[in-house]
Amino acid sequence: AVRVGIVNLVATVVAIALIDKLGRRPLLITGLVIIASSMLLLAYSFHSATYGPGGELIDMNASLVLIGILSFVAGFGISLGPVMWVLFSELFPNRLRGIAISFCGLINSSISFLVQLVFPWELENFGPATTFLIYGSFAIVGLLFVLRVLPETKGRSLEQLQAELVTKK
């Protein structure tokens, strides 16, 4: 737990230091690549583990699992964790910003709750390899969304962004 906390703290500080230098999209893209890779590494780790006849875990590469977990935390800490909140404040027009960010917070918390609720069920019914493969797939879909849809907001005024986003409709 200490390693996870330290990795998350360091990654978040790095994101804060780099968000205005590199931009939002590069941090999100980097983070989503790390998240997807870590989920796929976890899927591989559990897929290649040795299980007994009752499905109990006999042997696995614990170092790969630790790397996968810490990589996920780092990827999240430099991207989705802090960057999305900056983006929300830049993407929504002033007249909608308060309610839109509140709604995004509600959706974010609801999805987080849903993942925490469903995760044990997924592990039991699909197994850890498939569960992490599913989450890796979601990260890849998120990466494709960022690559294709999300504009860079660094160094652009709210008026410029609003004009661009309205004309994209």
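Bear in mind that the values here come from a model prediction, so they are computed numbers and not experimental data.

**Quick notes on the nonpolar core**
Formed by 20 residues in total, the largest nonpolar core has its most connected members in Leu28, Met39, Leu42, Phe46, Val83 and Phe132. Within the residue set of this core, elements represented by two or more residues are helix H2 (24–47), helix H4 (80–91) and helix H6 (128–148). Considering every element that reaches this core, the biggest residue donor is H2, with 9 residues. Ignoring sequence-local partners within four residues, the contact set of Leu42 consists of Val65, Gly68, Ile69 and Phe132.

**With respect to the pattern of salt bridges**
Here the structure, examined in full by the defined rule, presents 2 salt bridges. Close ionic contact of Arg24 with Asp20 constitutes a salt bridge, the shortest N to O distance being 3.1 Å. With a shortest N-O distance of 2.6 Å, Glu90 and Arg24 are connected by a salt bridge. Here Glu90 is found in helix H4, whereas its partner Arg24 is found in helix H2, with 66 residues between them in sequence.

**Quick look at the environment of Ile69**
Secondary-structure assignment places Ile69 in helix H3 (residues 62–78). Residue class for Ile69 comes out partly exposed when judged on its relative accessible area of 37%. For the pair Ile69 and Met39, spaced 30 residues apart in sequence, the C-alpha to C-alpha distance is 8.1 Å. Those residues in contact with Ile69, other than ones at most four positions away along the chain, are Val4 and Leu42.

**A few points about the packing of H2 against H3**
Interhelical geometry of H2 versus H3 gives an angle of 160 degrees and a closest axis separation of 8 Å. Considering the angle they form, H2 stands roughly antiparallel to H3. Note that H2 runs across H3; the crossing there is left-handed. On the side of H2, the interface is formed by Leu27, Thr30, Gly31, Ile34, Ile35, Ser38, Met39, Leu41, Leu42, Tyr44, Ser45 and Phe46, while H3 contributes Leu64, Val65, Ile67, Gly68, Ile69, Ser71, Phe72, Gly75, Phe76 and Ile78.

Cut-offs used in this document
- The residue numbering used here restarts from 1 in each chain and proceeds along that chain's sequence as written.
- Local features in a predicted model are, by the rule used here, given only for residues with pLDDT of at least 70; side-chain atom pairs are given and counted only at 80 or more, and totals for whole chains, interfaces and linings are based on all residues.
- The basis for the side-chain values is all heavy atoms of the structure; hydrogens and waters are excluded.
- Definition of nonpolar core: a set of buried residues of the types Ala, Val, Leu, Ile, Met, Phe, Trp, Tyr and Cys, connected through side-chain atoms within 4.5 Å.
- Residue exposure (1.4 Å probe, protein chains only): buried if accessible area is under 20% of the type maximum, exposed if over 50%, otherwise partly exposed.
- Strands here are runs of E lasting at least two residues and helices are runs of H or I lasting at least four, both read from the DSSP assignment and numbered beginning at the N terminus.
- Note on contacts: a residue pair qualifies if any of its non-hydrogen atoms lie within 4.5 Å across the two residues.
- What makes a salt bridge here is a side-chain nitrogen of Lys or Arg within 4 Å of a carboxyl oxygen of Asp or Glu, nothing more.
- In this analysis an axis means a line fitted to C-alpha atoms, helices contributing only their contacting stretch, and an angle means the value between N-to-C directions, from 0 to 180 degrees.
- Should an angle lie under 35 degrees it is considered roughly parallel, over 145 roughly antiparallel, and from 65 to 115 roughly perpendicular; all remaining angles are considered oblique.
- Throughout, a crossing is termed right-handed when the near helix is turned clockwise from the far one, and left-handed when it is turned anticlockwise from it by less than a right angle.

Geometry only, nothing functional implied.
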